[in-house]
Amino acid sequence: MTSKAVFWEQKDHIGYIRLNRPEELNAFNYEALVALGEAIEEIEARPKDVRVVIVTAAGKAFSAGADLKERKTLNEQQVRRNVKKIRDVFTALERLPQPTIAAINGYAFGGGFELALACDFRYAVKEARMGLTEVSLGIIPGAGGTQRLPRLIGPSKAKELILTARKITAEEALSVGFVSGIAEDAVHLAELCEGLAKEILQNAPIAVYQAKRAIDVGMGVDLQTGLDFESKAYEVIIPTKDRVEALKAFNEKRKPVFLGE
């Protein structure tokens, strides 16, 4: 699927979402948010075909956040529409059954930072600069930043970054736990992200999806509730063909062939 604002394609069970407004530093106008939401919906509908998702962007920026040129032309009602849309789209990304990897190829500010936060994993090029800079513009992070960042790196450090609107380097992002690794350049960044994706692809898709879901649900509830949900997730896996295939492959001393069934 292609659009002026977002492009996505599938290669070998990996879905690639690419923000495609390089001259605007991949800032999110309403058109881009709609296109990104449509791409996510299509990927969600293909869990057997698309098993891992990599999110990246064209040009030198991952995303500079909201399109301020558009924002200054909007009335208050339209601003509320855009804020709700970006929040809903990023939540849909977070809730994809497929594991998601943000390949941060450059600047990631505001909504761009929050887009990466909505992914399961984040890797960045060493030149990348990133941060939640909204308070310097008289607003607050409105696409999940105030909620996801504290859960990832702790409330004190999250407050420090958000309340100062500080822009941090890739090394600083690694030190606080926002990213899991740094690449020398865009080529190596793609290799790093695809390497992780291929490791995940070796495993049974339904099991991967249920494990991801169990972790995500468990992080928001007490331990016993989380354990109960884990049991329900396991129940989903028991009747799958892939579980039987894994046992058969083990007995036959070969690699299993998983079909996502």
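Definitions and cut-offs
Residues numbered from 1 in each chain as written. Predicted model: local features only at pLDDT ≥ 70, side-chain atom pairs only at ≥ 80, totals over all residues. Heavy atoms only, no water. Pairing = 2+ DSSP bridges. Helix = DSSP H or I, 4+ residues; strand = E, 2+ residues; numbered from the N terminus. Axes fitted to C-alpha atoms, helices over the stretch in contact; angles between N-to-C directions. Contact = heavy atoms within 4.5 Å. Salt bridge = Lys/Arg side-chain N within 4 Å of Asp/Glu carboxyl O. Buried < 20%, exposed > 50% of the residue type's maximum accessible area, 1.4 Å probe, protein only. Core = buried A, V, L, I, M, F, W, Y, C linked by side-chain atoms within 4.5 Å.

**Q** Would you take a moment to explain the sheet that holds strand 2 (residues 14-19) for this structure?
**A** Strand pairs in the sheet, formed through backbone hydrogen bonds, run parallel or antiparallel to each other. Strand order in the open sheet formed by six strands is 1-2-3-5-7-10, and the pairing between neighbours is mixed. This sheet does not close on itself; its edge strands, each paired only once, are strand 1 (6-11) and strand 10 (181-183). On average, adjacent strands in this sheet sit at an angle of 20° to one another, irrespective of strand direction. Relative to strand 2, strand 1 is paired through six bridges, and the arrangement is antiparallel. Each residue of the ladder has a partner; that of Trp-8, found in strand 2, is Ile-17. In the packing of helix 1 (residues 30-44) onto the sheet, the strands contacted are strand 1, strand 2 and strand 3 (52-57), and the crossing angle to strand 1 comes to about 20°.

**Q** When you look at the pattern of salt bridges in this model, what are you seeing that I'm missing?
**A** Between side chains of opposite charge, a pair can form when the charged atoms approach closely. Tallied over the entire structure, the rule returns 14 salt bridges. Where Lys-84 meets Asp-88, a salt bridge forms, and the shortest distance between an N and an O atom there is 2.7 Å. A residue pair is termed a helical-turn pair when its members lie 3 or 4 positions apart in one helix, as Lys-84 and Asp-88 do in helix 3 (residues 76-94) at four residues. A relative accessible area of 48% means that Lys-84 is categorised as partly exposed. Residue Arg-254 pairs with Glu-245 through a salt bridge whose shortest N-O separation is 2.7 Å. On the accessibility criterion, Arg-254 (33% relative accessible area) is partly exposed. Through salt bridges with shared partners, a single network forms among Arg-21, Glu-24 and Asp-67.

**Q** Even after reading the chapter, I still don't get the environment of Ile-238, so can you show me in this structure?
**A** Looking at the element boundaries, Ile-238 is found in the loop between helix 10 (223-237) and helix 11 (241-251). Spatially, the C-alpha atoms of Ile-238 and Ala-207 are 9.7 Å apart, while their sequence positions differ by 31 residues.

**Q** Can you walk me through the nonpolar core in this structure?
**A** Counting residues in hydrophobic clusters, the biggest one holds 64 residues, and the most contacted among them are Ile-104, Met-130, Leu-149 and Phe-178. If one sorts the elements of this core by residue count, helix 1 sits on top with seven residues. In contact with Met-130, not counting residues within four places along its chain, are Ile-104, Ala-108, Phe-109, Phe-113, Ala-124, Arg-166, Lys-167, Ile-168, Ala-170, Ala-173, Phe-178 and Val-179.

By themselves, these are just geometric observations and shouldn't be taken as functional.
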